[in-house]
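Chain by chain, the residues run as shown.
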Amino acid sequence: MNPVFAEADARWMRHALELAWRAAGEGEVPVGAVLVREGEILGEGWNRPIREHDPSAHAEIQALRDAGRRVGNYRLPGSILYVTLEPCVMCTGAIIHARVAQVVYGAPDPKAGACGSVFDLLPSDGRFNHRTEVRGGLLAEDCGEVLRAFFRERRAHSTSAFLSWTQNAGG
């Protein structure tokens, strides 16, 4: 079953993609997230674990923290989180605790995704006291491309740096 997306969903995911590019510009894995309620941004974030020296500084966590500060509450019922990459286990835990109503993600994460790719914590796991609806695949190609471009560049840079080092070490 393919999820149905509205134009507003695409608009918010494009905003999350802009945030993902911001992460890439900082040398971080390019993932962006925006939390919306009733058509208004509550919070936004992009990956920053390297810059923040914080393994929990994923885009989703950053957006939830931003929203919590703005509204003065860690519970964010009725909100929709748009994120360019399927959330991981850590992020889904925070999403559940924040009472986010819905997650809309772009690209699936076959290595760490917790919304069906590797784990299925949202919404299938009925042991939680809150259930979050999930729709995946919105602008999946664009969301995947930002990640592919980032890692292509990183591999190219890593290979050229290695070749330069081996040439200088040998001479």
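Right above here is the structure, for reference.
Residues numbered from 1 in each chain as written. Predicted model: local features only at pLDDT ≥ 70, side-chain atom pairs only at ≥ 80, totals over all residues. Heavy atoms only, no water.

Draft legend 1. Quick peek at the pattern of salt bridges. Taken as a whole, this structure holds ten salt bridges when the rule is applied. The salt bridge involving arginine 48 is made with glutamate 26; its shortest N-O contact spans 3.0 Å. One end of the pair, arginine 48, is in the loop between strand 2 (40–46) and helix 2 (49–52); the other, glutamate 26, is in the loop between helix 1 (7–25) and strand 1 (32–37), with 22 residues separating them in the sequence. On the accessibility criterion, arginine 48 (17% relative accessible area) is buried. Taking the shortest distance from any N to any O, the salt bridge between glutamate 52 and arginine 48 comes out at 3.2 Å. Look at glutamate 52 and you get partly exposed, because its relative accessible area is 40%. Bridged by salt links that share partners, the residues Glu26, Arg48, Arg51 and Glu52 form one connected network. (Salt bridge = Lys/Arg side-chain N within 4 Å of Asp/Glu carboxyl O. Helix = DSSP H or I, 4+ residues; strand = E, 2+ residues; numbered from the N terminus. Buried < 20%, exposed > 50% of the residue type's maximum accessible area, 1.4 Å probe, protein only.)

Draft legend 2. Spatial organisation of the packing of helix 3 (residues 59–71) against helix 4 (residues 89–97). Across the interface, helix 3 lies against helix 4 with an axial gap of 9 Å and an inter-helix angle of 25°. Judged by the angle between their axes, helix 3 and helix 4 are roughly parallel. Viewed along their axes, helix 3 and helix 4 form a crossing whose handedness is left-handed. Judged by residue contacts, Glu60, Ile61 and Leu64 of helix 3 engage Met90, Cys91, Ala94 and Ile95 from helix 4. Here the contact of helix 3 with helix 4 is built from residues that sort into six nonpolar, no polar and one charged. (Axes fitted to C-alpha atoms, helices over the stretch in contact; angles between N-to-C directions. Parallel < 35°, antiparallel > 145°, perpendicular 65-115°, else oblique. Left-handed = near helix turned anticlockwise from the far one by under 90°. Contact = heavy atoms within 4.5 Å. Nonpolar A, V, L, I, M, F, W, Y, C, P; charged D, E, K, R; others polar.)

Draft legend 3. Representation of the sheet that holds strand 1. The strand order 2-1-3-4-5 describes an open sheet built from five strands, whose pairing is mixed. Across the chains shown, the open sheet's two edge strands, defined by having one partner strand only, are strand 2 and strand 5 (133–136). Sheet twist, expressed as the average angle between the axes of neighbouring strands with direction ignored, equals 15°. The sheet contact formed by strand 1 and strand 2 spans six bridges and is antiparallel. If you follow valine 34 over to strand 2, its bridge partner there is glutamate 44. (Pairing = 2+ DSSP bridges.)

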